[in-house]
Amino acid sequence: MLGAELASRLQFGWTITIHILFASLSVGLAPFIVYLTWKDVRTGEQRYARLRDFWVKVFAIGFVMGTVTGIPMSFQFGTNFPIFSEVAGELIGGPLAFEAKMAFFLEAVFLGILLFGRERVSDRTYVLSSVLVGVGAWLSAFWILVVNAWMQTPQGFELVERNGMTIAQLTDPVAAFLTPRLPWMYVHMQNAAIISVTLLVGGIAAYFVWTKRDSETWGTALRIAVVMLLLTAPLQALHGDAYGRHVEDTQPQKFAAMEAHYETGQADLHLIAIPTSLDALNDPRAENLWTLSIPGLGSFLASGGDFDAEVLGLNEYESSPPVALVFWSFRFMVGLGFWFIALGLWGGYLTWKGRLTESDRYLQAMMLSTPLGFMAMLTGWYVTEIGRQPWVIQDVLRTSEAVSQTLTSTEATLSLAAFVVGYVALFGGFLYVFRRFIQMELDRIGVDPDERESDQPPITGVFTDDD
Amino acid sequence: MTTNPLFIPVDTYLVDSLPEVWFGVLMFALAMYVALDGLDFGIGMLLPTRESEDEREILLEAFGPIWDANEVWLVAFGTILLAAFPPVYSALLSQNYLLVIAILFVLILRGIAPELREQQDDRTWKRRWDQAFFAGSLLTPFLLGVLVGTWVFGAGALSLPSLFVGLTVVTLSLFAGAVFLALKTTGSLRDEMARYGRLAAGGYLVAVVAVLATAFATNPHGVRSTILSGPVAAIVVTSIVLVAAGVVFSLRGRDRAWFLSTTTVAFLLVAFVGYLLYPVVYPTTGLTLRQAIVSPLALNVTTVLGLPVLVVVLLYFRYLYSVFAGPIEQGDGYGTGH
C-alpha cells in the first residue's frame, strides 16, 4: 500500500496526464477545424470538406474522452486534496466555476450542433458553431490556467482564520486572476497544443500520402501542417527562453531543479546530457553524466545578460522536488522542441522545391513524429508541476499538508489502481476508434486492403498498444 | 492595499441575502443535472426493452446531440459548490471517498459506451456495449442519489433513507427518460414509452414515500420535525398532482406538457433536498450556510461575472433543444454514424 499522500499525487498526476492529451487535442484542433470549415464554405473544394469531416470526427471522440477523463479531475480537489480546496477555495473556485459556465457549456452545446445539426441550421450558423466550439475550448484552457498560474505565483489574497482554519481570502480579484505566470503559461500551453496537433495532422497526412501517392487531399493537410510548424515551433523556442527567465525570477527553486544546480553561484547550462549508466538516470544531482555544457550560460540566461550572475542553488532549500525527473523532463522537452524546428525548416525547404509529398525520408520522419508533440507537452507539464514541489501553492501550502486527513492508504491505493487501469482502457479505446477512422479513410481513398497488409508503414509510435 | 478596479464591494455582500441566493443557484444546477442528465440515464435504462437494432438506434439518436451539454451541469454543480461553499465541497467529497470514485467510474462507463458501440457492425459487440451503457445509466443515478442522501441524512452510505434516495433518483430518471422518448417518437413506440413513463412515475412516488417514512422512523440529525412541516407537505402534494396530471397528459397524447410537468417534478425533488439542508448545509458537522460561504468579495465577483453567464447558458440550451425539437429524424445522433 502506498501512503495516502503519494497515492493521491500519483493519481492526480496520472489522471491529468491522460486528460491533458484530450484537452490539448481540442485546443489544437479547433483552429484547424475553423480554417477547414471556412475554406470549405469559401472555395467549395472537396478536399477541405473531407479533411474537415475527418478531423471533426477525431475532435468529437476526443471531446467525449476529455469530458469523461475531466469530470473526475473537477472532483479530485475535493476527494484527495480537501485541505487545498478549503484553503484555496475562494481563489480557485471562481475560475473553475467560470470554466464550466463560460467555456465548457459553450463547447458542449455547439458541438452538438456541429456534429448533428448540419441539416438543421444554416451554413452561416454552422460555421459560427465551429468558431464557438473553438472559443469554448480556448476559454476553457484560459480559466484552468488562471487557477494553475495562481498556484505558481499566488497573489491577490491574505491569510485569515475561518472556522478554525487558516485560509486564503480574496482581497484583489484582478491581481488574483491575472497573476504574473498567466500570460507565460497561456502562450506556451496553447502553442504547445497547436504544435502537438500539427504533428498529429502532419503524421497522419504523411501516412496517407505515403500509402497513396496521388492523394491530393492529404497532400494539402501535409502542407498546412508544415506551414503551421514553421510558424509555431520557432516561436515556442524563443518564448520558452524568456519564460525560463521568468521562472528564475519567480520560482528559483524550480529553475535550479531544471539544471540540477545545487551550489548557489555561477550556473552552467547543460546543452546535452547523456547518462553514463542506468543509475545516473536516477541520480538527483545529475553528476554521473556526460554533458556538453556552456559555463556561465545558465547565469547569463537567468539574469538576462550577466555570465557571472549568482543563481540560487537547491542547497538553499529545506526540501527539493524530485530533481532527476525535472532535469530529464526539461531536456526531453527542449530536445524535441529543436527537432520540431528542424522538421519545420526541412518541410519548408521541400515545399519550396516542390518535393514535399515525394520525399520518402521526410514522410517517414513526419510519421515517426506523430506522437512527439504530445510527449513534449507532457514533459513540459511535468517540469512545471513536479518542479514546484514541495509546494502545491508556492510558498503558501505544502502538498503534504493539502492531502485528505480521512483518506486511508488502502482507499488511496485502490482508487489509484482503478484510475490507472481505467484510463489506460480509455486511452486504448480512443486509439482503437482513431484507428477505425484511419481504416475508413484508407477505404475511401481507395487503398486495396491486401496491398496495405504487405506495405505496413512505420507508424508504430501511435498504435503501440493495439497493433 | 486593496485595489478594486471592478468597483465591487469588498466587505459586504452585493445584497444581504447573496449567500442564500447562491445556495439557490447551487440547487438550481443540481436540479438541471437531475432533470436533464436524468433523462439520458432513463434512456439508457430503457434500451434493453428494445429488441430490434432499429429501435435501439432511435433511442440513442434521441439524446446524441444533447447529452454532452446535459452532463456539464454536474461540473457546474461541483464547481459552484467549490466557489461558494469550499468547506462543504471538501467535506462532502473527502468523507464519501469511495462512493464518489465509484460514481466517477460508472459515469465514465455510461459516457463512452455509445461511442464504442458505433465502431463495429457486429451484433454481439453492440449488445455488450449496450449492457455497459445500461449498467452505467442505472448505477450512476443510484449512487448519486445515495451520495445526496448521505449529505442530507449523514449516517453513512448504507443507511436506509440514503438507499431510498438512490432509488428515488433511479425511478425519476426512468420516468424522465420515458417521457422524453414519448415526446421524440411516434406510433406504437411512443405508446409503449408512455406506458413505461406512467409505470415509472408510480414507482417514483412509492420511492419518495419510502424516503420520507424511513427518515421519519430513524430521524437522522433530527429531520423528523422538518419532514412534518408545511413546505414538505406542499412539495409532496404538488408532486403527486403533477404526476397525476402527467398521466392525463400522456393518455391524451400531450407529450410536451407531460415533459414539462416531469421536469417540474425533478425540480421539486431538489427543492426538497435544499429545504432539508437549509440553513445547515452540512449536517454531519453542523456547518451552516453563513459559516460555509466564501468572503463577500469572492462571492460578489462570482456573482458579477458568473450569474449573467448562467442566463446566457440557459438561452443557448433553449436554442440547442429547439434546433433538435420534434420527433427524431435520420442523422440526428448515434447509430447513423457521425
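Structure first, text after, so check above.
Note that the structure is a prediction, hence the values are computed from the model and not measured. (Residues numbered from 1 in each chain as written. Chains lettered and ligands numbered in written order. Predicted model: local features only at pLDDT ≥ 70, side-chain atom pairs only at ≥ 80, totals over all residues. Heavy atoms only, no water.)

(A) Looking closely at the pattern of salt bridges. Residues and elements named next belong to chain B. One pass over the full model with this rule turns up 23 salt bridges over all chains. Between Arg110 and Asp37 there is a salt bridge, with its nearest N and O atoms 2.9 Å apart. Taken as a pair, Arg110 in helix H5 (residues 97–117) and Asp37 in helix H1 (residues 18–46) lie far apart in primary sequence, 73 residues in all. The pair formed by Arg110 and Asp37 is uniform in burial state, with each residue classed as buried. Residue Asp130 is joined to Arg56 by a salt bridge in which the shortest nitrogen-to-oxygen separation is 2.6 Å. Residue Asp130 is found in helix H6 (residues 123–153), and its partner Arg56 is found in helix H2 (residues 53–63); the two are separated by 74 residues along the sequence. Like Asp130, the residue Arg56 is buried in the burial classification. Among the ionic contacts, a cluster of salt bridges with common partners joins Glu53, Arg56, Arg117, Arg127 and Asp130. (Salt bridge = Lys/Arg side-chain N within 4 Å of Asp/Glu carboxyl O. Helix = DSSP H or I, 4+ residues; strand = E, 2+ residues; numbered from the N terminus. Buried < 20%, exposed > 50% of the residue type's maximum accessible area, 1.4 Å probe, protein only.)

(B) Geometry of the interface of chain B and chain A. Listed per partner, the contact involves 70 residues of chain B and 71 residues of chain A. Between the two partners, chain B and chain A, sit zero salt bridges. At the junction of chain B and chain A, the tally comes to twelve residue pairs in polar contact (both at pLDDT 80 or more). Within the residue set of the side of chain B that touches chain A, elements represented by two or more residues are helix H3 (67–84), helix H4 (86–95), H5 and helix H13 (296–323) of chain B. (Contact = heavy atoms within 4.5 Å. Polar contact = N/O pair within 3.5 Å; in protein donor to acceptor, adjacent residues only side chain to side chain.)

(C) Summary view of a nonpolar patch on the surface. Residues and elements named next belong to chain A. A surface patch of nonpolar side chains, amounting to about 550 Å² of accessible area, comprises Leu271, Ile272, Ile274, Trp290, Leu292 and Ile294. Of all elements in the fold, only strand E3 (269–275) and strand E4 (289–294) reach the threshold of two or more residues within the nonpolar patch. As for its position among the elements, Ile274 is in strand E3. (Patch = residues over 30% accessible without salt bridge, like charges linked within 9 Å, V, L, I, M, F, W, Y side chains within 5 Å. Areas by Shrake-Rupley, 256 points an atom, 1.4 Å probe, with all protein chains shown as cover.)

(D) Region of the structure containing the pairing of strand E1 (residues 157–162) of chain A. All names here are of chain A. Pairing between E1 and strand E2 (residues 165–170): six bridges, direction antiparallel. Counted as the bridge partner of Val160 is Ile167 from E2. Two successive antiparallel strands, E1 and E2, enclose a turn made up of two residues, where Asn163 displays a positive phi of approximately 50°. (Pairing = 2+ DSSP bridges.)

(E) Representation of the environment of Ala141 of chain A within the structure. All names here are of chain A. Summarising the element assignment, Ala141 is placed in helix H4 (residues 123–152). On the basis of relative accessibility, which here comes to 14%, the residue Ala141 falls in the buried class. For Ala141 and Glu99, which are 42 residues apart along the polypeptide, the C-alpha to C-alpha distance reads 8.1 Å. Each residue touching Ala141, except ones within four places of it in the same chain, is listed here: Val27, Tyr186 and Gln190.

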